[in-house]
Amino acid sequence: MKIFSVILLLLSFTCSAKNLAIDPDNLFPRVKLETSMGTIIVELDRIRAPITVDNFLTYVVRGEYNNTIFHRIVPEFIVQGGGYSQNFELKKVDNTIINESGNGLKNVIGTIAMAKENRPHTANRQFFFNVADNSSLDPGRHWGYAVFGAIVEGQAVVDAMALVKTDYNGEMGWEDVPIEPIMLIKAILLPAI
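Scoring rules and cut-offs
Residues numbered from 1 in each chain as written. Predicted model: local features only at pLDDT ≥ 70, side-chain atom pairs only at ≥ 80, totals over all residues. Heavy atoms only, no water. 1 Å grid on protein atoms, 1.4 Å probe; cavity = no way out; pocket = protein on both sides within 12 Å on 5 of 7 lines; lining within 4 Å. Points joined across faces, edges and corners; volume = space filled by probe spheres on them. Nonpolar A, V, L, I, M, F, W, Y, C, P; charged D, E, K, R; others polar. Helix = DSSP H or I, 4+ residues; strand = E, 2+ residues; numbered from the N terminus. Expected span 1.5 Å × (residues − 1). Buried < 20%, exposed > 50% of the residue type's maximum accessible area, 1.4 Å probe, protein only. Polar contact = N/O pair within 3.5 Å; in protein donor to acceptor, adjacent residues only side chain to side chain. Contact = heavy atoms within 4.5 Å. Pairing = 2+ DSSP bridges. Axes fitted to C-alpha atoms, helices over the stretch in contact; angles between N-to-C directions. Phe/Tyr/Trp six-rings, centres within 6.5 Å; stacked < 30°, edge-to-face > 60°. Lys NZ or Arg CZ within 6 Å of the ring centre and 35° of its normal.

Novice: Could you give an account of the layout of surface pockets, with specific residues and numbers?
Specialist: If you add up the space inside the largest pocket, you get close to 330 Å³. Along the walls of the largest pocket sit 17 residues, with Gln80, Ala115, Lys116, Glu117 and Gln126 positioned nearest its centre. For the lining of the largest pocket, the per-class residue count stands at nine nonpolar, four polar and four charged.

Right, dumping it as structure tokens:
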């Protein structure tokens, strides 16, 4: 019985520590993304996208975005990353999350949104920056892509990323892969302001 109590206490502490680590009382947490092209700071909207923000912050505080690449860049559309190592190895993913695309936030230039598969509730760790007004990604008669924040510093960095040369990557079978890798060196949850 004592062992069961200790295990229960440890599980409870671990869950509480995880919840505290993602700063659950901060409605607009900020994350600093240190990239090989410069620094980007995003402000997340926990009021409109609480599940998506908590999911993203969980990857951030665990260091899961560190040393990943921006693997897909489509000029005048998006800059996507967070899912692969520099060697194009798929990073560990948690469970998929519910799609919060109907939250009123739009896929406009300077926003951050979750990538997903064609099915609506398939987002997990990959995200993208909108480098254009992408109303085709907003919900309508079909599910959209959930916007969960906006760039507050470093828009010029994202704009520069959107202009890098890309090509077909035969190893992965993908279009729009940067010829020179763009690294997400470190993602850091900033202290509340």
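Novice: How would you sum up helix H2 (residues 50–61)? Please name residues and give values.
Specialist: Taking 1.5 Å as the rise per residue, H2 with 12 residues should run 16 Å; its terminal C-alpha atoms sit 16 Å apart, in good agreement. Among all positions of H2, only Thr52, Val53, Asn55, Phe56, Leu57, Thr58, Tyr59 and Val60 are buried. Backbone geometry just after H2 places Gly63 at a positive phi near 75 degrees.

Novice: Give a description of the side chain of Ser101 that names residues and reports values.
Specialist: With respect to the element layout, Ser101 can be found in the loop between strand E5 (78–81) and strand E6 (111–114). Here Ser101 falls in the buried class, since its relative accessible area comes to 2%. A polar contact of 3.2 Å, which involves the side chain of Ser101, links it to the backbone nitrogen of Gly144. Excluding residues within four positions of it along the chain, Ser101 makes contact with Pro139, Trp143, Gly144, Tyr145 and Ala146.

Novice: I'd like a rundown of the environment of His71, residues and numbers included.
Specialist: In this fold, His71 is placed in the loop between strand E3 (68–69) and strand E4 (72–74). Between the C-alpha atoms of His71 and Val31, which are 40 residues apart in sequence, the distance is 20 Å. His71 has contacts with Gln80, Gly81, Tyr84, Gln126, Trp174, Asp176, Val177 and Pro178, leaving out every residue within four places of it along the chain. In this structure the side chain of His71 is engaged in a polar contact, spanning 3.2 Å, whose partner is the side chain of Gln126.

Novice: Any chance you could break down the sheet that holds strand E11 (residues 183–189) for me, citing the residues and the numbers?
Specialist: Taken in spatial order, the nine strands of this open sheet run E3-E11-E1-E2-E8-E6-E7-E5-E4, and their pairing is antiparallel. Looking at strand neighbours, the two that pair on one side only are E3 and E4, the edges of this open sheet. In this sheet, strand E7 (residues 127–130) lies alongside E5 in antiparallel orientation, the contact comprising four bridges. In the sheet register, Gly81 faces E7, and the bridge partner there is Phe127. Docked against the sheet, H2 engages strand E1 (30–35), strand E2 (38–44), E6, E7, strand E8 (147–153) and E11, running at close to 110 degrees with respect to E11.

Novice: Tell me about the packing of aromatic side chains, and name the residues and values.
Specialist: Under the defined criterion, the tally for this structure stands at 11 aromatic pairs. Ring geometry for Phe56 against Phe148: centres 5.1 Å apart, planes inclined by 55 degrees, an arrangement best described as tilted. Of the two residues, Phe56 sits in helix H2 while Phe148 sits in strand E8, which places them 92 residues apart along the sequence. Of the two residues examined, Phe56 and Phe148, each falls in the buried class. Three or more aromatic residues joined by ring pairs form one cluster here, namely Phe56, Tyr59, Tyr65, Phe70, Phe127, Phe129 and Phe148. The ring centre of Tyr59 lies 5.4 Å from the NZ or CZ of Arg62, which sits over that ring. Sitting above the plane of the Tyr145 ring, Lys116 keeps its charged end 4.3 Å from the centroid.

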